[in-house]
Amino acid sequence: MKEKHIIENPDAFRDQFNAVAEDGKRNWFYPQKPSGKWHNRRAWFTVLILTVLFVLPFIKLNDQPLVLLNVIERKFIIFGLFIGPQDYWLFGLTMLSFMLFIVLFTTIFGRLWCGWACPQTVFMEMVFRKIEYAIEGDAGKQKLLNKAPWTASKIGKKGLKYSIFLAISFMIANLLLSYVLGVDELSRIIHEPIADHISLFAGIVIFTLIFYFNFAWLRDQACTVVCPYGRLQGVLMDRNSIIVAYDYKRGEPRKKLHKGQDRTAGDCISCHQCVSVCPTGIDIRNGTQMECVNCTACIDACDNIMDKVGFDRGLIRYTSENAITQKNKKLITPRVIGYMVVLVLLWSVLGYTLASRADTQTTLFRAPGTQYIENNDATISNLYTFKIFNKTNHAITPTIKIDVPGARLQFAGNPDLSLPPTGMAEGTVFIIVPKEALQARKSKLALSVYEGKRKLESFETTFMAPQE
Ligand code: SF4
Ligand code: SF4
């Protein structure tokens, strides 16, 4: 019925979401086991990606994790670069340049990320799906098993599969936490009683269940319904972007192959293999679609068929719309150059910002409602409130110095200025300046923050004195 509809109206596929059946129920896809050159390449790349993903939290630089994404405390370490809660604008710039990089990358290479490196595809297609094939067999056997009554064999297979899924989901939840908390903190927490870390334990359970739900049930719909990146493809890509595409110039008109018959049709023999292997259940011959995650399974499936029937490989391949229609492969287009220019500008601003970033951030304001005080020793005092933030990931004990000869600071009370990583100290302080150093009623004073002999920061404040 659906096939007839599409034959009568080639654009009919656009009117419906293929993951939803006509009766409104979910279309559960049973993609056939992929095999071929591209799948092998992706398998090796998966080994690399998973190795990096699991090893990265253990790598340290200067006794700090190389990568830390602590969204709870808003502390991030990106390859040694520490971004703390005070660096919100630096974080904003980093995110902005990261997003623009994604836009640029997608404009040139399409959804290469989705097929090769996205953790959703990597875990789904290369880990969970492989376990499913190993336990339940290929697509046909899985279908039969799902329809079969609950025998001991079926219970055993399903029980084994879902137990392994749960165990891997638990591992992924811990992996995620190792990026958020760091492996040291995570291992400390694991070795302490659960009762001391109930919220964290609840977090692990919740994330384990989310990952389990995602890989056991949600699957392709994480890409086609949930992922915002997938939905942005329509605006990010253009006719020069590299995509997994069916060469309709070569393939059409598609027609079944019959032995001994002179073939006048195109190279597509309507074998449906490219559809059978697709994890999102689409027919790539309909053109680029939002559901295509560029997993390359259809390339391999079609190449295998081409080999069997003696046609050239590459009826489905990595190419661009313009390369198919005009034989014109052009990666660097004016649009790409425009993105590159903006990206270089952003990176320059980011680089300058990083190079000029101070380790501390001090605010020092005159205490509200106070005036100057004239002292007997020919000095003038102003009262200030101050806050000093440590923007690094290590402890700092700063000293504040005033750059005026004879001037000094006198702290009220005895404030503890030893700052823990990303910590803050505050208090009140008198700045006392000799009268002869003051030229006007309102002067600018220069102050600096030091750690030992190293100057961390310079800033200015205003100082009030009597009119001469
Ligand atoms: S696998 Fe190739 S030949 Fe078979 S239907 Fe798909 S595009 Fe046509
Ligand atoms: S159309 Fe091809 S590349 Fe796209 S998701 Fe389906 S099998 Fe993968």
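Residues numbered from 1 in each chain as written. Chains lettered and ligands numbered in written order. Predicted model: local features only at pLDDT ≥ 70, side-chain atom pairs only at ≥ 80, totals over all residues.

1. So, helix α5 (residues 119–136)
Here comes step 1: Where α5 bends most, at R129, the angle is about 35 degrees.
Here comes step 2: The complete set of buried residues in α5 reads T121, F123, M124, E125, F128, E132 and E136.
Here comes step 3: Where the residues of α5 are buried, they touch α4 (112–116), α6 (139–147), α7 (152–181) and α9 (198–218).
Here comes step 4: Looking at the residues trailing α5, positive phi occurs at G137, about 90 degrees. (Bend = angle between axes of the 7 residues up to and from the residue. Helix = DSSP H or I, 4+ residues; strand = E, 2+ residues; numbered from the N terminus. Buried ≥ 20, exposed ≤ 12 C-beta atoms within 10 Å, placed from the backbone. Contact = placed C-beta atoms within 7 Å.)

2. Observations concerning the sheet that holds strand β5 (residues 81–83)
Here comes step 1: On the basis of which strands lie adjacent, the open sheet formed by 3 strands has the order β3-β4-β5 and antiparallel pairing. Two strands in the sheet have a free side with no partner beyond their single neighbour: β3 (67–70) and β5. Sheet twist, expressed as the mean angle between neighbouring strand axes with direction ignored, is 20 degrees.
Here comes step 2: Pairing analysis gives 3 bridges linking strand β4 (residues 75–78) to β5, with the strands arranged antiparallel. The residue bridging F76 from the neighbouring strand is I83, located in β5. (Pairing = 2+ DSSP bridges. Axes fitted to C-alpha atoms, helices over the stretch in contact; angles between N-to-C directions.)

3. Some remarks on the sheet that holds strand β15 (residues 454–464)
Here comes step 1: Spatially, the 3 strands line up as an open sheet ordered β11-β14-β15, and their pairing is antiparallel. Strand pairing shows two members of the sheet lacking a second neighbour, β11 (399–402) and β15, which therefore form its edges. Ignoring which end each strand starts from, the neighbouring axes of this sheet average 30 degrees apart.
Here comes step 2: Relative to β15, strand β14 (residues 442–451) runs antiparallel, the two sharing 10 bridges. Note on β15: the bridge partner recorded for K444 is T462.

4. Here we look at the domain arrangement of the protein
Here comes step 1: The assigned domain composition of the protein is domain 1 (1–61 + 110–326) and domain 2 (360–464).
Here comes step 2: The gap between the C-alpha centroids of domain 1 and domain 2 is 60 Å. (Domains from an automatic or database assignment.)

5. Section: the environment of Y133
Here comes step 1: Within the element layout of this structure, Y133 appears in helix α5.
Here comes step 2: Of the residues examined, Y133 has 17 C-beta atoms within 10 Å and is grouped as partly exposed.
Here comes step 3: As a C-alpha pair, Y133 and K33 span 100 residues in sequence and 7.4 Å in three-dimensional space.
Here comes step 4: Ignoring anything within four residues of it in the chain, the contact list for Y133 reads K33 and D138.

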